[in-house]
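So the chains spell out like this:
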Amino acid sequence: MSAEGVDLKKRRTLTLATSAVGAVGAGFIIYPFLAAWAPSEKAKAAGAPVEADISKLEPGQMMSVKWRGKPVWIVHRTQQNLDDLVTLEGTLLDPASDDTAQQPDYCKNPNRSIKPEYLVAVGICTHLGCSPTYRPDVAPADLGAEWKGGFFCPCHGSRFDLAARVYSGVPAPKNMEIPPHQYLSDTRILIGQDGGEA
Ligand code: FES
């Protein structure tokens, strides 16, 4: 190989080495940007509001988003669900949501919601903190003929209706919590903030 050929080979090797260092360098450059995102994730876990897109949530369906490390359920109730809620009052522990710690004032109403068709609730049982199961089916064999749809806690059998109100005679002592929230549009809900009060 000529001296020129060796030089050329060396130069190529050097170029490759430089590119490799450049790539590693880029890795280090990217890191601070990623690190800069960390506080916002932390803030989220600590309580920053989260947005939920409900545009694809059909009547009868439920979706879940995470807020402050907890599941927040959004249920699109049907008209039948809303009609059934009215019939359950005599079987519930706190049908009128008199325990004001369990919902913001604007959700102290028969549906415990801003818009009747959407329930927004923290999906944690008020007994010992399990996450109940969504059971929209009416009169299933395991829950009985009176069941109109709601939430069933598998840990110790607490039952809640589709407004997250607890039934009488179960271990859970309170209705499930309704978090502060607001509608940003017909299809977007901001959970964790209700106009500055959250
Ligand atoms: S934690 Fe739900 S019934 Fe005990």
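Keep in mind that what you see is a predicted model, and the values were worked out from it rather than measured.

Chemist: In this structure, what is going on with the overall build of the protein? I would like to understand it.
Modeler: Along the backbone of the protein there are 2 helices and 9 strands. Starting at the N terminus, the α and β elements of the protein follow one another as α-β-β-β-α-β-β-β-β-β-β. Split into buried and exposed, the 198 residues of the protein put 35% on the buried side. Contacts in the protein between residues far apart in sequence, at least 24 positions, make up 54% of those at least 6 positions apart.

Chemist: When you look at the sheet that holds strand E3 (residues 70-76) in this model, what are you seeing that I'm missing?
Modeler: Through backbone hydrogen bonds, the strands of a sheet pair up, either in parallel or in antiparallel fashion. Read across the open sheet, the 3 strands follow the order E2-E3-E4; overall the sheet is antiparallel. A strand with exactly one partner marks an edge of an open sheet, and here the two such strands are strand E2 (62-67) and strand E4 (118-122). Direction aside, neighbouring strands of the sheet carry axes that sit 20 degrees apart on average.

Chemist: Is there a simple way to explain the state of the cysteines in this structure?
Modeler: Such a bond, covalent and formed between the sulfur atoms of two cysteines, is termed a disulfide. Following the criterion strictly, the structure yields 1 disulfide and no others. The disulfide partner of Cys-130 is Cys-155, and the S-S distance across this bridge is 1.9 Å. One disulfide, between Cys-130 and Cys-155, carries an S-S torsion of -95 degrees and so falls in the left-handed class. A residue pair is termed long-range when its members are at least 10 positions apart, and Cys-130 in the loop between E4 and strand E5 (133-135) and Cys-155 in the loop between strand E6 (150-152) and strand E7 (159-161) qualify at 25 residues.

Chemist: Just to check I follow, could you spell out unusual backbone geometry for this structure?
Modeler: For residues that are not glycine, phi is negative in most cases, and the peptide bond is trans in most cases. For Arg-68, which is not a glycine, the phi torsion comes out positive at approximately 55 degrees. On the basis of relative accessible area, Arg-68 is assigned to the partly exposed category, the value being 38%. Here the phi dihedral of Ser-97 falls at roughly 55 degrees; this positive angle occurs in a residue that is not glycine. Within the element layout of this structure, Ser-97 appears in the loop between helix H2 (79-87) and E4.

Chemist: Sorry, what's going on with the sheet that holds strand E8 (residues 181-183) here?
Modeler: Here 3 strands make up an open sheet; going across it, the order is E1-E9-E8 and the pairing antiparallel. Since the sheet does not close on itself, it has two edges, and those belong to strand E1 (50-53) and E8, each with one partner. Taking each pair of neighbouring strands and ignoring which way they run, the sheet shows an average axis angle of 25 degrees. Both E8 and strand E9 (residues 188-191) contribute to a ladder of 3 bridges, which runs antiparallel. In the strand pairing of E9, Gln-182 is matched with Leu-190.

Chemist: Even after reading the chapter, I still don't get the nonpolar core, so can you show me in this structure?
Modeler: Within soluble globular proteins, side chains that are nonpolar generally end up buried alongside one another. Counting residues in hydrophobic clusters, the biggest one holds 25 residues, and the most contacted among them are Leu-85, Leu-119, Phe-151, Phe-160, Tyr-167, Ala-172 and Met-176. When residues of this core are traced back to their parent elements, those giving at least two are E3, H2 and E4. With near-sequence residues (within four places) excluded, Phe-160 lies in contact with Cys-125, Thr-126, Pro-132, Trp-147, Gly-150, Phe-151, Arg-165, Val-166, Tyr-167, Ala-172, Lys-174 and Met-176. Membership of the second largest hydrophobic core comes to 15 residues, among which are Ala-52, Ile-54, Val-65 and Tyr-118.

What counts as what
Counting from 1, residues in each chain are numbered in the order their sequence is written. In view of the model being predicted, local features appear only for residues whose pLDDT reaches at least 70, and side-chain atom pairs are presented and counted only at 80 or more, with totals across whole chains, interfaces and linings using the full set of residues. Side-chain metrics rest on all non-hydrogen atoms present in the structure, leaving aside hydrogens and water. Helical segments are the DSSP runs of H or I of at least four residues, strand segments are the runs of E of at least two, and each set is numbered from the N terminus. Only protein chains enter the accessibility calculation, which uses a 1.4 Å probe; a residue whose area is less than 20% of its type maximum is buried, one above 50% is exposed, and one in between is partly exposed. By definition, residues are in contact when any of their heavy atoms lie within 4.5 Å. Pairing between strands requires that DSSP locate at least two bridges from one strand to the other. To get an axis, fit a line to the C-alpha atoms, keeping to the stretch in contact for a helix; angles then go from 0 to 180 degrees between the N-to-C directions. Disulfides are defined as cysteine sulfur pairs within 2.5 Å. Residues belong to one nonpolar core when they are buried, are Ala, Val, Leu, Ile, Met, Phe, Trp, Tyr or Cys, and are joined through side-chain atoms within 4.5 Å.

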